[in-house]
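# Per-entry structural report
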Amino acid sequence: MVIILDGKKCSEMRLEHLKEEIRNSGIFPRLATVIVGSDPASKMYVRMKHRACEQVGIGSVGIELPEDSTTEKVVEAVTRLNRDTDIDGILVQLPLPKQVDAERVIEVVNPQKDVDGYHPENMGLLFSGRPRFTSCTPTGIMTLLKEYKIPLAGACAVVVGRSIDVGRPMAALLINADATVTICHSKTKDLVKELKRADILISAIGKAHFIQPAMVKPGAVIIDVGINQLDGKLVGDVDYAKVVEIASAITPVPGGVGPMTIATLMENTFRAAKVKACDSA
Ligand SMILES: NC(=O)c1ccc[n+]([C@@H]2O[C@H](COP(=O)([O-])OP(=O)(O)OC[C@H]3O[C@@H](n4cnc5c(N)ncnc54)[C@H](OP(=O)(O)O)[C@@H]3O)[C@@H](O)[C@H]2O)c1
């Protein structure tokens, strides 16, 4: 019997628990989001994050900058949020318009407020096995795997995709959890051979229904990070209807990884607020 890794249910439980924790803490965490331009998908993600803040009792402010903003303008906005002692967490919604130097903007975020975990200092801590803030999507996946008691120690995990927000931190988190990790990307020579070895296959490519049953080891755990449009429907990287037949566990799209990402952002923001409260006590 295949296990459906229900990220929606798991995230709702975690958000309920977090709401309770925040209520009892006497702390009022605040998250600031920065969005540049009016990309509809980015606007929707930011709206969902503000809605989650409201649900758990985190205050939120949204900074909206015009599409033609320069790197300097974005850096100025982030610097103001760094200085604002009322703000615990800063999230810069990616991707940024192409004239904006995203790496520079990420480096400007105060690492103590970097609830997305993209700052090189936080990445470095993660890769050295001493994580502080870790990227929300891979961290949410780790939470989901833990929730469903998927064994990781010694497992052969294959991550497809090497982006800064998913693939790379995902691999580091899996290494830290004692999995044996392979990262694949568009230049990987024999992708199917690599994928067929996977006890745990994590796909973060961004190509609808790319992963087919012939690429999957029977009994593998399948984590589908992809968010793609196909014939007007939201689908993952995995051809779910076919792969579900041979997997031992699988995340649906929607309702798998996405909700866990948002729950993790809320948890990271509360953690940043708690650290600040301890430091100033
Ligand atoms: N559910 C969520 O919360 C969540 C969060 C973040 C992202 N996503 C989704 O996850 C997907 C990936 O996001 P991302 O930001 O990581 O994307 P990205 O920055 O575009 O990275 C895609 C990765 O896939 C690799 N790739 C592309 N085609 C490939 C192929 N044919 N074979 C092997 N590897 C291939 C690329 O390799 P190269 O490096 O060689 O180009 C790259 O490393 C997107 O659909 C995105 O919308 C979902």
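Residues numbered from 1 in each chain as written. Predicted model: local features only at pLDDT ≥ 70, side-chain atom pairs only at ≥ 80, totals over all residues.

## So, the domain arrangement of the chain
Taken domain by domain, the chain holds domain 1 (26-111) and domain 2 (136-258). Computed over C-alpha atoms, the centres of domain 1 and domain 2 are 28 Å apart. (Domains from an automatic or database assignment.)

## A closer look at the site of the ligand
Around the ligand, a shell composed of 25 residues is seen, among which Gly161, Ser163, Ser186, Gly206 and Thr261 lie nearest. Tallying contributions element by element places helix α10 (residues 257-279) first for the shell around the ligand, with three residues. In terms of residue class, the shell around the ligand is made up of nine nonpolar, 12 polar and four charged. (Near = placed C-beta within 6 Å. Helix = DSSP H or I, 4+ residues; strand = E, 2+ residues; numbered from the N terminus. Nonpolar A, V, L, I, M, F, W, Y, C, P; charged D, E, K, R; others polar.)

## A short note on the sheet that holds strand β6 (residues 180-184)
What the six strands build is an open sheet, ordered β1-β11-β8-β7-β5-β6; its pairing is parallel. Edge strands, defined here as strands with exactly one partner in the open sheet, are β1 (3-4) and β6. Taken together, the two bridges between strand β8 (residues 221-224) and strand β11 (residues 249-250) define a ladder with parallel strand orientation. From the neighbouring strand, Val221 faces β11, where its bridge partner is Ala249. Relative to β6, helix α7 (residues 167-176) is tilted by about 170 degrees, and along the sheet it contacts β5 (156-160), β6 and β7 (200-203). (Pairing = 2+ DSSP bridges. Contact = placed C-beta atoms within 7 Å. Axes fitted to C-alpha atoms, helices over the stretch in contact; angles between N-to-C directions.)

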